Amino acid sequence: MNLKIAELKSRQGEPLTFRTTLEAADLKHRHQEIRGLTPVETVGEAVMLGGLVYVTGKLNADVDFVCARCLEPFRQHVEIPFQETFATSDAEVQVDEDSDFHEVDGDEIELDPVLQEDFLLAIPAFPLCMEDCKGLCPTCGVNRNEQTCSCNNQRIDPRLAGLADFFSKTEE
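A few points on the structure. (Residues numbered from 1 in each chain as written. Predicted model: local features only at pLDDT ≥ 70, side-chain atom pairs only at ≥ 80, totals over all residues. Heavy atoms only, no water.)

Tallying each qualifying case throughout the model produces 5 salt bridges. Of the charged contacts in the structure, one is a salt bridge between K4 and E108, with a shortest N-O distance of 2.6 Å. Within this pair, whereas K4 is found in strand β1 (residues 2-4), its partner E108 is found in strand β8 (residues 108-110), the two being separated by 104 residues in sequence. Put simply, R30 and D26 hold a salt bridge, and the shortest N to O gap is 3.7 Å. Of this pair, R30 and D26 both sit in helix α2 (residues 24-30), 4 residues apart, roughly one helical turn. (Salt bridge = Lys/Arg side-chain N within 4 Å of Asp/Glu carboxyl O. Helix = DSSP H or I, 4+ residues; strand = E, 2+ residues; numbered from the N terminus.)

What follows is the structure, encoded as structure tokens:
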């Protein structure tokens, strides 16, 4: 989706609302944790004030993941707010690689790459099916969310193993 600078200027500070859909296939291949994805619906508005274009809105999609702890597949609806600022040639700001502004070359703003980046950065690197997921037992492999196991998973530092033996003998 492209926003025309001339159209934003003609609105004289009045917001321009927009809707667009980001292609799911490209986004899915660019993030290793996304197993499936519905098209990303985008709703937002753009307003131009003093040479700066402010774009705000939300990205919505259903994303299929595999839990990083229990390895169970799950689907999550994500709603990602975004806020971007673009500097046109009329803006009196310095744009460099450390600034929060995107420099506009030409008479249009190409939104899709920026929105794709916002979406991908908001997707977790280690998705969890629920915040308190107990994961898999490292000994027997049972999903501890579904059942408990009697494995002793207490880790003892090998340098202190002798001390643990000492305390187990004194308790007897």
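Moving on from the coordinates now.
L3, L37, V53, V55 and F119 are the most contacted members of the largest nonpolar core, which totals 35 residues. Taken together, the elements giving at least two residues each to this core come down to α1 (5-10), β2 (16-22), α2, β4 (40-49), β5 (52-66), β6 (73-87) and α3 (112-122). With 6 residues, β5 is the single largest residue contributor to this core. The contact partners of V53, leaving out residues within four places of it in the chain, are I5, L8, A46, V47, M48, E84, T85, F86, T88 and I109. (Core = buried A, V, L, I, M, F, W, Y, C linked by side-chain atoms within 4.5 Å. Buried < 20%, exposed > 50% of the residue type's maximum accessible area, 1.4 Å probe, protein only. Contact = heavy atoms within 4.5 Å.)

Time to look at the pairing of β6. One face of the sheet, then the other: side chains in a regular strand alternate in exactly this way. With 15 bridges connecting them, β5 and β6 associate as antiparallel partners. Within β6, the position partnered with T56 by the bridge is Q83. The antiparallel hairpin formed by β5 and β6 contains 6 residues in its connecting segment, where L71 sits at a positive phi of about 65°. Pairing between β6 and strand β7 (residues 101-103): 3 bridges, direction parallel. Within the sheet, the bridge partner assigned to A87 lies in β7 and is E103. (Pairing = 2+ DSSP bridges.)

A few words on the pairing of β4. By the bridge criterion, 7 bridges tie β2 to β4 in an arrangement that is antiparallel. Along β4, the bridge assignment pairs L16 with A46. Taken together, the 9 bridges between β4 and β5 define a ladder with antiparallel strand orientation. Paired with V43 across the bridge in β5 is K58. Between the end of β4 and the start of β5, which pair antiparallel, lie 2 residues, with G50 showing a positive phi angle near 60°.

Another aspect to go through is the packing of aromatic side chains. Evaluation of the coordinates by the stated rule reveals 1 aromatic pair. Taken together, a centroid distance of 5.6 Å and an interplanar angle of 35° make the contact between F65 and F74 tilted. Exposure remark for F65: the relative accessible area of 1% places this residue in the buried category. A relative accessible area of 14% means that F74 is categorised as buried. (Phe/Tyr/Trp six-rings, centres within 6.5 Å; stacked < 30°, edge-to-face > 60°.)

Turning our eyes to something else, we now look at the environment of G36. You can see G36 is positioned in strand β3 (residues 36-37). In this structure, the C-alpha to C-alpha distance between G36 and N153, residues 117 residues apart in sequence, is 34 Å. Apart from residues no more than four positions distant in its own chain, G36 is found in contact with K28, D62, V63 and D64.

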